Amino acid sequence: MKMPILKFALLFSLLITVACNKDKDKDINTPFRIIAKDVSNSSSTIITAKVIAEYYLNGDFLDGVIAQAPYSNNGFTIELPATVDNKYLDEIIDFFGDYDDIVEGSVSISNKDVLALYIEDVEAFDSKDKEIGEFYLYKYFEDNDYYTSWIYVESDVTIKGKVVTTDDSFEKDIEEYDLALKKGWNVIYESYLYEYDSVGDREIYTDKFTSSKPSGVVFNWEFMD
């Protein structure tokens, strides 16, 4: 019995889609999965990679494990949970836009009541379950530093703006935000840029947070003990 042409076409399309998605997921970092390959400065003592979050309980700050995976072949793949316990969450303004000495500019947060969890690194543990260092998805490129981090938010939120946070006549510090975060996990790219203002005779440091990957920057995983 022959399969109807339309049904065969739909099945073929589905198989191609699944295959493409599998190939696509092999070599990328997705918001729900952290994939580390070819980690630089690796160590044979690393057994487990963990995503750790701090929470407050009975007057003490404690560490909780959000997700973990075995470390092997200089890498790991961590599946992040679809939802995060409220005890690990803080108001998003605690991470962005909480300034004491703004000189100029402003930061706009579409919903300041959104709760979030901000993850800057993945931590490494040995066979005795002792923390021995951290993994960073990082790049030093053309005298600038570039970092990758992950953030979980309870609902969609946008963060945009630019502020100057110092009045030091020899140094100017700028923070810029262009984030469009969706409910769940998101990737954040931080660019720490340096330039010298010869006219004003001062150094300018710009810290940019974006949802888009910086052009021309190829990130590498590094272990720092």
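Criteria and cut-off values
- In this numbering scheme, every chain counts its residues from 1 along its sequence in written order.
- Note on the predicted model: pLDDT of at least 70 is required for a residue's local features to be given, and 80 or more for side-chain atom pairs to be given and counted; whole-chain, interface and lining totals, by contrast, use all residues.
- Each side-chain value is worked out from all heavy atoms of the structure, with water and hydrogens disregarded.
- Note on terminology: a nonpolar core comprises buried Ala, Val, Leu, Ile, Met, Phe, Trp, Tyr and Cys residues joined through side-chain atoms within 4.5 Å.
- Here's how the labels work: a residue is buried when its accessible area is under 20% of the maximum for its type, exposed when over 50%, partly exposed in between, all with a 1.4 Å probe on protein chains only.
- Elements are defined by DSSP. Helices are runs of H or I of four residues or more, strands are runs of E of two residues or more, and each kind is numbered from the N terminus.
- Grid points spaced at 1 Å and placed over the protein atoms alone form the basis of the search, with a cavity being a set where a 1.4 Å probe fits but cannot get out and a pocket an open set showing protein on both sides within 12 Å along at least five of seven lines. Lining residues have an atom within 4 Å of a point.
- Grid points are joined across faces, edges and corners, and a volume is the space filled by probe spheres set on the points.
- For this classification, the nonpolar set comprises Ala, Val, Leu, Ile, Met, Phe, Trp, Tyr, Cys and Pro, the charged set comprises Asp, Glu, Lys and Arg, and every other residue, Gly included, is treated as polar.
- pLDDT is a per-residue confidence score from the predictor, ranging from 0 to 100.
- Residues are treated as being in contact if the distance between any of their heavy atoms lies within 4.5 Å.
- The charge count treats Lys and Arg as positive and Asp and Glu as negative. His and the chain ends do not count.
- We define a salt bridge as a side-chain nitrogen of Lys or Arg found within 4 Å of a carboxyl oxygen belonging to Asp or Glu.
- Any Phe, Tyr or Trp ring, taking Trp's six-membered ring, that has another such ring centre within 6.5 Å forms a pair; planes under 30 degrees apart are called stacked, those over 60 apart edge-to-face, and the others tilted.
- Definition used: whenever NZ (Lys) or CZ (Arg) falls within 6 Å of the ring centre and also within 35 degrees of the ring normal, the charge is taken to sit over that ring.

**A closer look at the nonpolar core**
Okay, step 1: Within the largest apolar cluster, 34 residues are counted, with the highest numbers of intra-cluster contacts made by Phe76, Ile78, Leu117, Phe135 and Trp221.
Okay, step 2: The biggest single contributor to this core is strand β2 (residues 48-57), with four residues.
Okay, step 3: Core analysis: the next-biggest nonpolar cluster, separate from the first, contains 17 residues, Ala116, Ile151, Val163 and Ile188 among them.

**Regarding the layout of surface pockets**
Okay, step 1: Reported here for the second largest pocket is a volume of approximately 330 Å³.
Okay, step 2: In terms of lining residues, the second largest pocket is bounded by 18 residues, among which Ile52, Ala53, Glu54, Leu117 and Tyr118 are the most central.
Okay, step 3: Contributing elements (two or more residues each) for the lining of the second largest pocket: β2, β3 (60-70) and β7 (115-119).
Okay, step 4: Looking at the lining of the second largest pocket residue by residue, the class counts come to 11 nonpolar, no polar and seven charged.

**Some details on the confidence of the model for the protein chain**
Okay, step 1: On average, residues of the protein chain carry a pLDDT of 85, and 82% of them reach 70 or more.
Okay, step 2: Confidence over residues 1-28 falls short of pLDDT 50; this stretch has nine contacts with residues more than four positions distant or in other chains.

**Re the side chain of Glu190**
Okay, step 1: Mapped onto the elements, Glu190 comes out in strand β13 (residues 184-197).
Okay, step 2: No salt bridge is formed by the buried Glu190; the nearest opposite charge belongs to Lys208, separated by 12 Å.
Okay, step 3: When neighbours within four sequence positions are excluded, Glu190 is seen to be in contact with Asp145, Tyr146, Tyr147, Asp207, Lys208 and Phe209.

**Some thoughts on unusual backbone geometry**
Leaving glycine aside, a negative phi is the common case for residues, and trans is the common case for peptide bonds.
Okay, step 1: Look at Asn41: it is not a glycine, yet its phi comes out positive at around 60°.
Okay, step 2: Position of Asn41 relative to the elements: it lies in the loop between β1 (33-36) and β2.
Okay, step 3: Exposure remark for Asn41: the relative accessible area of 55% places this residue in the exposed category.

**Quick notes on the packing of aromatic side chains**
Okay, step 1: Scanning the entire structure with this criterion turns up 19 aromatic pairs.
Okay, step 2: With a centroid separation of 5.6 Å and 80° between ring planes, the pair formed by Phe96 and Tyr177 is classed as edge-to-face. Placement of Phe96 in the loop between β5 (90-91) and β6 (104-109) and of Tyr177 in strand β12 (residues 171-181) is noted, with a sequence separation of 81 residues between them. For the pair formed by Phe96 and Tyr177, the shared burial category is buried.
Okay, step 3: Measuring from centroid to centroid gives 5.5 Å for Phe135 and Phe223, while their planes differ by 50°, and the two rings are tilted. Taken together, the residues span a long stretch of sequence, with Phe135 in strand β9 (residues 131-141) and Phe223 in strand β15 (residues 220-224) at a distance of 88 residues. One exposure class covers both Phe135 and Phe223, and it is buried.
Okay, step 4: Here a set of aromatic residues connected by ring pairs shows up, and it is made of Tyr71, Phe76, Phe135, Trp150, Trp221 and Phe223.
Okay, step 5: Here the basic side chain of Lys50 rests over the ring of Phe125, its NZ or CZ set 4.3 Å away from the ring centre.
Okay, step 6: In this structure, Lys87 is placed above the aromatic ring of Tyr55, and the distance from its NZ or CZ to the ring centre is 4.3 Å.

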